[in-house]
Amino acid sequence: AGCSTAVIKTMAEAGLIEAVDIPPPNPFQSPDPDRPGPVLTADQAAAAEALRADVAAAAAPARPDPEAGSTGGFKATLLDGVTGSGKTEVYLEAVAAALAAGRQALVLLPEIALSAQWLDRFAARFGARPAEWHSDLTQARRRETWRAVATGEARVVVGARSALLLPFADLGAIVVDEEHEPAFKQEDGVVYHARDMAVVRAHLGGIPICLVSATPSIETVVNADRGRYARLHLPDRHGGAAVPAISAIDLRAESMPADRFLSPSLAHAVADTLAAGEQAMLFLNRRGYAPLTLCRACGHRLECPNCTAWLVEHRLAGRLTCHHCGFQARRPKACPSCGAEDTLAACGPGVERIAEEVDALLPGARWTIVASDTLTGPKRAASFVDSVNRGEVDLLIGTQILAKGHHFPNLTLVGVVDADLGFGGGDFRAFERTYQLLHQVGGRAGRAERPGRVLLQTCAPDNPVIHALVEGGRDAFLAGQIAERERAGLPPFGRLAALIVSGPDRQKVDAVAAALGRAAPQVEGIAVFGPAEAPLSLLRGRFRRRLLVKATRAAPLHRTIAGWLDGVQIPGAVRVTVDIDPQSFL
């Protein structure tokens, strides 16, 4: 206007000019559903056409009528394909169909670190990036995204589990990628499973939902077998790439020094891979340098003061950390218990210790550690992916964050340092989860022209999980696990619920837990176990006791638990959390 803001303000106050609110421009570009996508194989094209048809049917004028029991265009589909089969390109066709119908789409990912390559693929397909929703956003960006979703300006949202709770103006399709991932379970605050709630939201909205995985959860497999979910199968890798060969290294037969964790066979394989100009990955699902530090003189173990958990040494950062509550401390020079100096020993390996061993065995190797505390957001994830694809890294050393979604064309070898790590703990899902994790991490190898291989270091080569991985018997393994669940009446053939009693006062917590145990319901089809100390009996300064409820599918589980809790006096200082279908038993 060629004048100061004071002049404009004075003119407005005098009534000479009128103030008119102008809505801000849409912060998100509109993805183009008509933009040509990649050429699909015959299997991909058939699966994509089925998903497009489901979205088109849901976009028809007939909408769901809850009073009449109609679910409109609801349909749940399992997209089951081997790692590297191009599942992402298939379900993006469902997203394109929703956009073409003028509706919104939601894609849930289990980890924000997965979003770096995914966002690039989305932009290449649609010419624009989607709206993002995760904990790394600034408050201003969260407000902006929330409003854009509510007004319909944000046409596609990709995000973590909480993206499911956004106020979509006209949601037309939901995709849950890596649907088997435990990260979809929210265990703090409001307890829910994002995959299951996504199915519920799709059902209520009368829209299709696609559950995507190379290693689907047993619950999803059973739903597909019973006809509740449709199933689309992609049996081959895209572009003619072969599924990597998997073999086991029996550590009982390897000659290894006491302070080494890489067998000669695995070390030689890594050296040969790097010498050939290819990339390798060493996988160990433990962060830091060592999971336990103890005193050789008195046996004292360094524990968290707020949790019944060992402190994990992070040697690169020079600290001891509790991975449950975040407590940190410097590594002491003397034992806090007996005062002896130079007696504290690091026990067991973490990824930092594997990196130290790599330095000794392969001094010229360019390695990087990849874990949730090093890959802390989408920007760092994108930088990491770029450095790997530019060939600036020879060897990736990382945790489960490496197992999901990443595509590195030059990576041909995956070495699993401890394939037996997930077998213990008393979790009935232990074998299933270990299989899923190892299968997914092995799927990072050989995704382009060069063949890949996977080496599993194990002391139990005859374990059903190891056998299934080596022999490629996924379906037989799942069938065995399903049969065991059915015999035991465990989910999905039965139901479980956990009651976690917690509080800062041990006596009050014990009193409430005991009262719940005495008032346990006597209902046919429902059994109550406990109370007992939780494996993590102290967590973030709160004492914890657990009760486990096991019920048949027909038993009135929710109504019984509600009546049970109403009959017990619970003081304000004690919290009772109900977890339906618990995924963790700690």
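See the structure above.
Here the residue numbering is sequential within each chain, running from 1 through the sequence in written order. Local features are withheld for residues below a pLDDT of 70 in this predicted model, meaning they are given only at 70 or higher, and side-chain atom pairs are given and counted only at 80 or more; totals for whole chains, interfaces and linings count all residues. Side-chain figures throughout are based on the complete set of non-hydrogen atoms in the structure, without hydrogens or water.

Draft legend 1. Representation of the pattern of salt bridges. Salt bridges are counted wherever a side-chain nitrogen of Lys or Arg sits within 4 Å of a carboxyl oxygen of Asp or Glu. Summed over all chains, the structure comprises 28 salt bridges. Across the salt bridge formed by Arg103 and Asp170, the nearest N and O atoms sit 3.0 Å from each other. Here Arg103 is found in the loop between α3 (87-100) and β2 (104-108), whereas its partner Asp170 is found in the loop between β4 (156-159) and β5 (171-177), with 67 residues between them in sequence. Judged by relative accessible area, Asp170 falls into the partly exposed class, the value being 25%. Helix and strand assignments come from DSSP, with helices taken as H or I runs of at least 4 residues and strands as E runs of at least 2, each series counted from the N terminus. Three exposure classes are used, based on accessible area relative to the maximum for each residue type with a 1.4 Å probe and protein chains only: buried under 20%, partly exposed in between, and exposed over 50%.

Draft legend 2. Region of the structure containing helix α11 (residues 430-442). If you check α11, its first and last C-alpha atoms are 18 Å apart, about what 13 residues at 1.5 Å a residue would give, namely 18 Å. Counted residue by residue, α11 has 11 buried out of 13 residues, so it is predominantly covered. All of the buried residues along α11 are Ala430, Glu432, Thr434, Tyr435, Gln436, Leu437, Leu438, His439, Gln440, Val441 and Gly442. Helix span, expected: 1.5 Å multiplied by one less than the number of residues in the helix.

Draft legend 3. Quick peek at a nonpolar patch on the surface. For patch building, the residue pool is restricted to those with more than 30% relative accessible area and no salt bridge; the joining distance is 9 Å between like charges and 5 Å between nonpolar side chains (Val, Leu, Ile, Met, Phe, Trp, Tyr). Areas reported here follow the Shrake-Rupley algorithm with a probe of radius 1.4 Å; residue values treat only the protein chains shown as occluding. On the surface, a cluster of nonpolar side chains totalling about 260 Å² of accessible area is made up of Ile8, Leu16 and Ile17. Looking at the secondary structure, you find Ile17 in the loop between α1 (5-13) and α2 (42-58).

Draft legend 4. Spatial organisation of the sheet that holds strand β15 (residues 328-329). For two strands to be treated as a pair, DSSP must find at least two bridges joining them. Reading across from one edge, β13-β14-β15 is the order of the three strands in this open sheet, with antiparallel pairing throughout. Each edge of the sheet is formed by a strand with only one pairing partner; in this case those strands are β13 (312-314) and β15. In this sheet, β15 lies alongside strand β14 (residues 319-321) in antiparallel orientation, the contact comprising two bridges. Paired with Thr321 across the bridge in β15 is Gln328.

Draft legend 5. Region of the structure containing the pairing of strand β20 (residues 453-458). For β20, the tally of buried residues reaches five of six residues, placing the bulk of the element in the interior. Bridge count for strand β10 (residues 245-250) against β20 is six bridges, and the pairing is parallel. Paired with Ile246 across the two strands is Val454, which belongs to β20. Relative to β20, strand β19 (residues 411-416) is paired through four bridges, and the arrangement is parallel. Bridged to Leu413 within β20 is Arg453.

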